[in-house]
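Overview (structure and organization)
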Amino acid sequence: MTSSRRKVAALPKWMVITWMVIMVFVVFECFLFIMTLDQHLQYEKDIFHLSLNSGLPVTQKLGKSNHENNKKDHQEGGEKKGLFQKIFPPKPAKLKDEFEKQYPPSDRQRMKDFVSSLKKNVYSTQSDMPYDIHDCPLNPPEGYPLTWNVMKVLENWNPDDTNTHHDTIHQGLCIFDWEKDYDKAIRYRKAEVPFIIQNNPDLLQTSERWNRDESYLLNLIGTQEHRTEHSQNNHFMYWKLRENLAGPPGWERPTENIKLAYPDWLAKARSLEG
């Protein structure tokens, strides 16, 4: 018996090498596009880790403004634009650049004045405070930060009472200005105690972008519906059920997840503000 084998024509070596080079180029361009897009989005991501009204959290590494470093990274990323970046420019970066042409981030006083105008209420602290939270000593005082029993805090401001006006709050954290109190903030950070930073340049920029022009966030987020946590009252209790479990008898979920577009969410938020 004789066996016959079907001969398969092999691709020319030059063709195989060409396809391999093309695939490597495509993968490399995709990688550069993703990395640069992530850098452009970093400005908007930072706000979820920083408080607009308070400032940097204690876990945030304090140093000089990251604006210069971020700007340098963005410039370096721009020099590496590939085919995909030229065809699909990152939308957040484009919006931010257009905004900064009209409102330059170098005008820090303008940003400070605008963000200050957003604060509708000003509260004073308790009269028996052993230190002034707006003019704290160079080093953390003994017993810092001052704390209160949670019942006293709730008695002063009942979270279910949204109609009563309050003039004082229980606030024991020192408030430092980014420009004037930087050295104090460093000392408090080294002491590993909490504090509040105000007028951070990155936060000022984000606060102004998000509040000066309504169209900015609308163009940034769009009208696509997103998962939104919904509650029938002002309580957003944390809960979690394991799969296929209904919870204890008579128990109802305190919140539910719904789909809501940003314009609809904004309208509901403003209606609650009165």
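Further up the page is the structure itself.
The structure contained in this document is the topic of the report that follows. The structure displayed is predicted, hence computed values, not measured ones. (Residues numbered from 1 in each chain as written. Predicted model: local features only at pLDDT ≥ 70, side-chain atom pairs only at ≥ 80, totals over all residues. Heavy atoms only, no water.)

Points about a nonpolar patch on the surface
A surface patch of nonpolar side chains, amounting to about 400 Å² of accessible area, comprises Trp19, Ile22, Phe25 and Val26. Along the chain, isoleucine 22 turns up in helix 1 (residues 13-46). (Patch = residues over 30% accessible without salt bridge, like charges linked within 9 Å, V, L, I, M, F, W, Y side chains within 5 Å. Areas by Shrake-Rupley, 256 points an atom, 1.4 Å probe, with all protein chains shown as cover. Salt bridge = Lys/Arg side-chain N within 4 Å of Asp/Glu carboxyl O. Helix = DSSP H or I, 4+ residues; strand = E, 2+ residues; numbered from the N terminus.)

Side note on the packing of helix 5 (residues 108-118) against helix 8 (residues 201-212)
Packing of helix 5 against helix 8 brings their axes to within 9 Å, and their N-to-C directions diverge by 60°. Relative to helix 8, helix 5 is oriented oblique. The chirality of how helix 5 crosses helix 8 is left-handed. Contacts between helix 5 and helix 8 pair Arg108, Arg110, Met111, Lys112, Phe114, Val115 and Leu118 from the former with Pro201, Leu204, Gln205, Ser207, Glu208, Asn211 and Arg212 from the latter. Considering only residue class, the contact of helix 5 with helix 8 consists of six nonpolar, three polar and five charged. (Axes fitted to C-alpha atoms, helices over the stretch in contact; angles between N-to-C directions. Parallel < 35°, antiparallel > 145°, perpendicular 65-115°, else oblique. Left-handed = near helix turned anticlockwise from the far one by under 90°. Contact = heavy atoms within 4.5 Å. Nonpolar A, V, L, I, M, F, W, Y, C, P; charged D, E, K, R; others polar.)

Quick notes on the pattern of salt bridges
Tallied over the full model, the rule gives eight salt bridges. The salt bridge partner of arginine 110 is aspartate 107, with a shortest N-O separation of 3.8 Å. Relative accessible area serves as the criterion here: at 17%, arginine 110 is assigned to the buried category. When the shortest N-O distance is used, the salt bridge between aspartate 135 and lysine 184 registers 3.7 Å. (Buried < 20%, exposed > 50% of the residue type's maximum accessible area, 1.4 Å probe, protein only.)

Shape descriptors only; they carry no functional weight alone.
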